[in-house]
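# Fold and geometry: a report
Residues per chain, in single letters:
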Amino acid sequence: MADVPVSVFDLFSVGVGPSSSHTVGPMRAGAEFASLVAGLPVRSIAVDLYGSLASTGQGHGTLGAVVAGLMGSHPESVDPDQMSAALDALERDGLLRLDAGATVPFRLTDIVLHPLTMLPRHPNAMRLRARDEAGADLADETYYSIGGGFITRDGIADADAGADVADADVAAADVAGAAIPVDDTVPFPFSSGAELLAACAASGLPISGVALANESVTRDERAIRSGLLCIHQVMESCVDRSVRRAGCLPGGLDVRRRAATWHEQLTREDPDHDPLFAMEWVNLVAMAVNEENATGGRVVTAPTNGAAGIIPAVLYYALTYVPAITPTERDDAVVRFLLTAGAIGSIYKERASISGAEVGCQGEVGSAASMAAAGLAEVLGGTPEQVENAAEIAMEHNLGLTCDPIGGLVQIPCIERNAIAANKAINAARMALRGDGVHHVSLDQVVETMRQTGADMSTKYKETAMGGLAVNVPLC
Ligand code: SF4
């Protein structure tokens, strides 16, 4: 059944690392809960984390994120350094100042972890309670972080879950544009690849054109364009920051940041000495984004934080190494790339999942690679069928990818995995463009295969740090 696709501005939201589902979502939940209890006579707060949030929450910064949200931080605008200072003060004083509310005794160690308890609705669950002087509940809400920074809570359907869009570096209105009040009608409703292709055939529009028409229901075209260019600017700023930072990533694994050294080396090397020089830069951009993410820095969820490096890296490739994209066409290419990637991402979000805790890394890195391949095929001049083929190829060869981060940190295998997947996405687009768009496996079939594979995958391979590399590589 045709459906209203998720907005590109929800799939590409600005947040902080290291995880969209374990950092961005919990911070949003904390902030929403604080606004629910603002003005109430709150004397104590209880926070319980369940499933994946509990098992890898320490490494993913979940505990600090939910508390920062309670203090009024929002992922799109929080200053990571100020947040860290506020959490230090909380640990020192044992006092939590609720946003626009009371100050209550609280430390991060008061958060109760239930790693073996999976609530039925989603593996990433958190329960927040506020109590009065007598210990009676003033509010009791269970939230779910359902991937990509999207949250929902009991009493709200997943389809109504949202991810805010804004940016601390640029004005929120520049990113998201002024949203026009809207009913749920878009000119080209779709929730599958087949419906998307049918919309292209009926309208004569490319996939980016269909996506633009749908976005135009809520924002004018100028706002869509400036919003997407701002999102790209945040991606570029993230890389610029990362290549100036050396040392080890936080968390105790002593993983050395490599982007700064590689950047210095690549800028000195002769671009003509190696036919795969472009690949080196793609690796660098992907890893720079994910090193910044692992540090808790500002990134664009694309469509998640763990997979945030793939789309910036492939877009960098398009803008740097595709001769057909001249400097004057650069902005158009960015807009078309992101609209196309967003259209494909909305299908994964609707029909499967972009949450590693739900379907493994195939849902995060696989979806991002598929989105990036589609975006690249579009700006390389692919037909809608070739673009759909590119998206399909990229996911087909990420099926079964497990989520097994060592130490529960979004570092190994995540950082290198983004670089590998970015190059896979480029290859997928190039393969699709060699064909005529006719192919055996449809995007919808591969999306459904990913969903089924994720459902069958053992829980230990779904962001719990209980299997795979997470148990076979000693933490020392
Ligand atoms: S392994 Fe993949 S899904 Fe899991 S945390 Fe890393 S990037 Fe995310």
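Residues numbered from 1 in each chain as written. Predicted model: local features only at pLDDT ≥ 70, side-chain atom pairs only at ≥ 80, totals over all residues. Heavy atoms only, no water.

Turning next to the overall build of the protein chain. Scanning the protein chain from N- to C-terminus turns up 20 helices and nine strands. The C-alpha radius of gyration of the protein chain comes to 21 Å, within 12% of the 23 Å expected for a compact globule of 476 residues. In terms of principal-axis extent, the alpha carbons of the protein chain reach across some 70 × 50 × 45 Å. By the burial criterion, 57% of the 476 residues in the protein chain qualify as buried. Taking all contacts inside the protein chain whose residues are at least 6 apart in sequence as the whole, residues at least 24 apart take part in 76%. Just so you have it, the protein chain exposes about 18400 Å², and 52% of that area is on carbon and sulfur atoms. Across the protein chain, the mean location of the 32 positive side-chain charges is 5 Å away from that of the 59 negative side-chain charges. (Helix = DSSP H or I, 4+ residues; strand = E, 2+ residues; numbered from the N terminus. Rg over C-alpha atoms; globule rule 2.2 N^0.38 Å. Buried < 20%, exposed > 50% of the residue type's maximum accessible area, 1.4 Å probe, protein only. Contact = heavy atoms within 4.5 Å. Areas by Shrake-Rupley, 256 points an atom, 1.4 Å probe, with all protein chains shown as cover. Lys, Arg positive; Asp, Glu negative; His and termini not counted. Charge placed at Lys NZ, Arg CZ, Asp CG, Glu CD.)

What follows covers the packing of aromatic side chains. Each aromatic ring pair is described using two quantities: the centre-to-centre distance and the angle formed by the ring planes. In this structure the tally under the stated criterion is four aromatic pairs. The interplanar angle of 70° and the centroid separation of 6.4 Å between the aromatic rings of tyrosine 316 and tyrosine 321 together place this pair among those described as edge-to-face. One cation-aromatic arrangement involves lysine 349 over phenylalanine 150; the distance from NZ or CZ to the ring centre is 4.4 Å. (Phe/Tyr/Trp six-rings, centres within 6.5 Å; stacked < 30°, edge-to-face > 60°. Lys NZ or Arg CZ within 6 Å of the ring centre and 35° of its normal.)

On to the site of the ligand, then. Taken together, the residues surrounding the ligand are Gly306, Cys361, Glu364, Cys403, Cys414, Arg417 and Glu463. Counted by class, the shell around the ligand contains three nonpolar, one polar and three charged residues. (Near = heavy atom within 4 Å. Nonpolar A, V, L, I, M, F, W, Y, C, P; charged D, E, K, R; others polar.)

Along the chain, the position of glycine 342 falls in helix α14 (residues 330-351). Given the relative accessible area of 3%, glycine 342 is considered buried. Not counting residues up to four positions away in its chain, the partners in contact with glycine 342 are Val8, Leu11 and Phe12.

Our next topic: the pattern of salt bridges. This structure, assessed with the given rule, holds 18 salt bridges. Residues arginine 131 and aspartate 137 are paired through a salt bridge, measuring 3.2 Å at the closest nitrogen-oxygen approach. Overall, the relative accessible area of 24% leaves arginine 131 in the partly exposed class. The closest approach of N and O atoms between glutamate 448 and arginine 451, which form a salt bridge, is 2.7 Å. Residue glutamate 448 and its partner arginine 451 are located together in helix α19 (residues 443-456), separated by three residues, close to a single helical turn. Several salt bridges share partner residues, and in doing so they unite Arg241, Arg245, Arg257 and Glu292 into one network. (Salt bridge = Lys/Arg side-chain N within 4 Å of Asp/Glu carboxyl O.)

Hydrogen bonding along the main chain pairs the strands of a sheet, whether they run parallel or antiparallel. Pairing is mixed in the open sheet, where five strands are placed in the order β5-β2-β6-β7-β8. The open sheet terminates on both sides in strands that have one partner only, identified here as β5 (112-114) and β8 (150-153). Pairwise comparison of adjacent strand axes, ignoring direction, gives a mean angle of 25° for this sheet. Alignment of strand β2 (residues 44-50) against β5, held across three bridges, turns out to be parallel. Its bridge partner being in β5, leucine 49 is matched across the sheet by leucine 113. Where helix α2 (residues 20-37) meets the sheet, its contacts fall on β2, β6 (124-131), β7 (137-147) and β8, and the angle it forms with β7 comes to roughly 155°. Helix-sheet contacts for helix α5 (residues 62-70) involve β2, β5 and β6, and the interaxial angle to β2 is about 145°. (Pairing = 2+ DSSP bridges. Axes fitted to C-alpha atoms, helices over the stretch in contact; angles between N-to-C directions.)

Positionally, serine 73 belongs in the loop between α5 and α6 (80-93). The exposure class assigned to serine 73 is buried, which follows from its relative accessible area of 17%. With near-sequence residues (within four places) excluded, serine 73 lies in contact with Met27, Ala31, Ala68 and Val78.

Attention now goes to helix α9 (residues 207-215). Buried residues dominate α9, accounting for seven of its nine residues. Those residues of α9 that fall on the buried side of the exposure criterion are Ile207, Ser208, Gly209, Val210, Ala211, Asn214 and Glu215. The inward-facing, buried residues of α9 contact α1 (8-11), α8 (193-203), α10 (221-242), α14, α16 (365-379) and α17 (384-396).

On to the pairing of β8. Neither face of β8 is exposed, since Phe150 and Thr152 on one face and Ile151 and Arg153 on the opposite face are all buried. Two strands pair when backbone bridges link them, and β7 and β8 are joined in this way by four bridges, in the antiparallel orientation. The partner of tyrosine 144 across the bridge, within β8, is threonine 152. The turn joining β7 and β8, which pair antiparallel and follow one another in sequence, is formed by two residues; a positive phi near 70° is taken by glycine 148.

Let's shift gears to unusual backbone geometry. Glycine aside, a negative phi is what most residues show, and trans is what most peptide bonds show. Here the bond from alanine 302 into proline 303 is cis, since omega is -5°, no more than 30 degrees from zero. In this structure, proline 303 sits in the loop between β9 (298-300) and α13 (310-321). Residue proline 413 is reached from isoleucine 412 by a cis peptide bond, and omega for that bond is 10°. Mapping proline 413 onto the fold places it in the loop between α17 and α18 (414-434).

This paragraph deals with the confidence of the model for the protein chain. When pLDDT is averaged across the protein chain, the result is 92; 94% of the residues are at 70 or more. For the stretch residues 164-183, pLDDT sits under 50, and the model shows 55 contacts to residues farther than four places along the chain or on other chains. (pLDDT = per-residue confidence, 0-100.)

In this section: a negative patch on the surface. Taken together, the side chains of Glu269, Asp270, Asp272 and Glu280 make up a negatively charged region of the molecular surface. By the element assignment, glutamate 280 lies in helix α12 (residues 277-294). (Patch = residues over 30% accessible without salt bridge, like charges linked within 9 Å, V, L, I, M, F, W, Y side chains within 5 Å.)

The topology assignment puts arginine 256 in the loop between α10 and α11 (259-268). What makes arginine 256 exposed here is its relative accessible area of 61%. Taking C-alpha positions, arginine 256 is 7.8 Å from alanine 246, a pair spaced 10 residues apart along the chain. Sequence-distant contacts of arginine 256, that is, excluding residues within four places in its chain, are made with Gly247, Cys248 and Glu291.

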